[in-house]
Amino acid sequence: MYVTALARTAAIGTLVALAVGCTTPEPENIPKVSGEFGQRPTVTIPDLPPPEEARMKVLKEGDGPETRKGQVVVTDVDMRLWEKNKPLLDTYRLEQPTTAVLDGEHVARTWDQALLGRKAGSRVLMVAPATHGFGPHGMAPAQVPPGNHMVLVFDVIGGYAPKQQVPEGSSGPADGKSGEPVVRVDPGKDPQITSWGTPPRKATARTLVAGDGAEIGEGDTAVVQWSGREWGKKNPFGSTYLRSGPNGFIVKKGAVPPGWYEALKGRKVGTRLLLTVPKTQDPSFTMTKGGVGVPKGKDVAYVIDILDSRGR
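Owing to the predicted nature of the structure, the values given are computational and were not obtained by experimental measurement.

What to know about the overall build of the protein chain
Line of reasoning, step 1. Along its length, the protein chain carries 3 helices and 17 strands.
Line of reasoning, step 2. Out of the 312 residues belonging to the protein chain, those deemed buried represent 52%.
Line of reasoning, step 3. Restricting the contact set of the protein chain to residue pairs at least 6 apart, pairs at least 24 apart contribute 75%.
Line of reasoning, step 4. Per element, the accessible surface of the protein chain, about 14,000 Å² overall, is 50% carbon and sulfur.

Thoughts on the nonpolar core
Line of reasoning, step 1. Membership of the largest hydrophobic core comes to 24 residues, with the highest contact counts inside it found for M79, W111, L115, M150, L152 and F154.
Line of reasoning, step 2. At the level of elements, β4 (55-60), β5 (72-81), α2 (109-115), β8 (123-129) and β9 (149-160) are the ones that each hand at least two residues to this core.
Line of reasoning, step 3. The next biggest cluster of nonpolar side chains, apart from the first, holds 22 residues, and it includes V224, V292, Y302 and I306.

Quick notes on the layout of surface pockets
Any space left empty among the atoms is revealed by the rolling of a water-sized probe across them.
Line of reasoning, step 1. The space that makes up the largest pocket amounts to roughly 190 Å³.
Line of reasoning, step 2. Looking at the lining of the largest pocket residue by residue, the class counts come to 7 nonpolar, 4 polar and 3 charged.

What to know about the pairing of strand β16 (residues 272-277)
Line of reasoning, step 1. With 6 of 6 residues buried, β16 is to be regarded as a mostly interior element.
Line of reasoning, step 2. Here β16 shows a buried face lined by R272, L274 and T276 and a second buried face lined by L273, L275 and V277.
Line of reasoning, step 3. Direction of pairing for strand β12 (residues 204-209) relative to β16: antiparallel, over a ladder of 5 bridges. Along β16, the bridge assignment pairs A205 with L275.
Line of reasoning, step 4. Bridge count for β16 against strand β17 (residues 300-310) is 6 bridges, and the pairing is antiparallel. Residue pairing for β17: L275 is matched across the bridge by Y302.

A closer look at the confidence of the model for the protein chain
Line of reasoning, step 1. With 86% of its residues at a pLDDT of 70 or more, the protein chain shows a mean pLDDT of 86.
Line of reasoning, step 2. Scored below 50 in pLDDT, residues 1-23 shows 76 contacts in the model against residues more than four places distant or in partner chains.
Line of reasoning, step 3. Note that pLDDT drops below 50 for residues 170-176; the model gives that stretch 17 contacts with residues more than four away or on any other chain.

Quick word on the packing of aromatic side chains
Where two aromatic rings form a pair, the distance of their centres and the angle of their planes describe that pair.
Line of reasoning, step 1. Scanning the model with the defined rule gives 8 aromatic pairs in all.
Line of reasoning, step 2. For the ring pair F237 and Y302, a centre distance of 6.0 Å and an interplane angle of 80° mean the geometry is edge-to-face. In this pair, F237 is assigned in the loop between β13 (221-230) and β14 (238-239) and Y302 in strand β17, connecting sequence segments 65 residues apart.
Line of reasoning, step 3. Take F237: its relative accessible area is 25%, and that puts it in the partly exposed class.
Line of reasoning, step 4. Through a chain of ring-to-ring contacts, three or more aromatic side chains come together here, namely W226, F237, F249, W260 and Y302.

The rules we used
Residues numbered from 1 in each chain as written. Predicted model: local features only at pLDDT ≥ 70, side-chain atom pairs only at ≥ 80, totals over all residues. Heavy atoms only, no water. Helix = DSSP H or I, 4+ residues; strand = E, 2+ residues; numbered from the N terminus. Buried < 20%, exposed > 50% of the residue type's maximum accessible area, 1.4 Å probe, protein only. Contact = heavy atoms within 4.5 Å. Areas by Shrake-Rupley, 256 points an atom, 1.4 Å probe, with all protein chains shown as cover. Core = buried A, V, L, I, M, F, W, Y, C linked by side-chain atoms within 4.5 Å. 1 Å grid on protein atoms, 1.4 Å probe; cavity = no way out; pocket = protein on both sides within 12 Å on 5 of 7 lines; lining within 4 Å. Points joined across faces, edges and corners; volume = space filled by probe spheres on them. Nonpolar A, V, L, I, M, F, W, Y, C, P; charged D, E, K, R; others polar. Pairing = 2+ DSSP bridges. pLDDT = per-residue confidence, 0-100. Phe/Tyr/Trp six-rings, centres within 6.5 Å; stacked < 30°, edge-to-face > 60°.

See below:
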């Protein structure tokens, strides 16, 4: 799922940052948020008018690298309206984090200010007028009155360069074994499959680059670059390189396309995989709840770079 269609809004009022541990009394008209990082938050909106200006509060300070301008931020988000506490987007239920490009052009300025400079693992609360908290160009989301206000809770998984890849390492991309596809990966470019070989009879994950980072466990969020092709086709049916950059996936059965769960679980960050999946793997599958689909009735191949992981 992508939010790159969200455009930068027009100038907004001053964003009031409420620092963690601040001795200034907290305004009463700020939602209460409970729950742990990575879990769907419980948001309690007070029976008061919303604040006139956008407000932001760091609820939990993370322990990872800070996000930077120009990066793609992978984040879970609970998005709702202050008015009637109406849900708008819940990536926790979708089991698919979203992405926000912090280049000053793709998301609302309030998102930039809420997410820029945040450490991975942080939880951030933001309240803003609908025309400031979404976009594009100062427009509220569809079917949301412009006078309404948005409440967003972000769980920041991390920030990544749009074309980030795993280091090649000493193992490097290898030529395929007899009957297996051969992969070429140029720096910063969509991986290519230069020859295809025999279509797969079962899902198989072959290590092209061996990582040495953290091991991905059940239910963790894996941040990846991926490119998928129908068997024998030159152009991908989906590729993060051709969109906005890395995606986050929950390593859980049913939350990822066929073959991915078995391929990702237990792998280490820094690994590059060639995953081949036959059309018989899960013929009833159409797409994940987060909207990632696979061509129906087709053998497919993926090149997957595992960039990062974070527990939920």
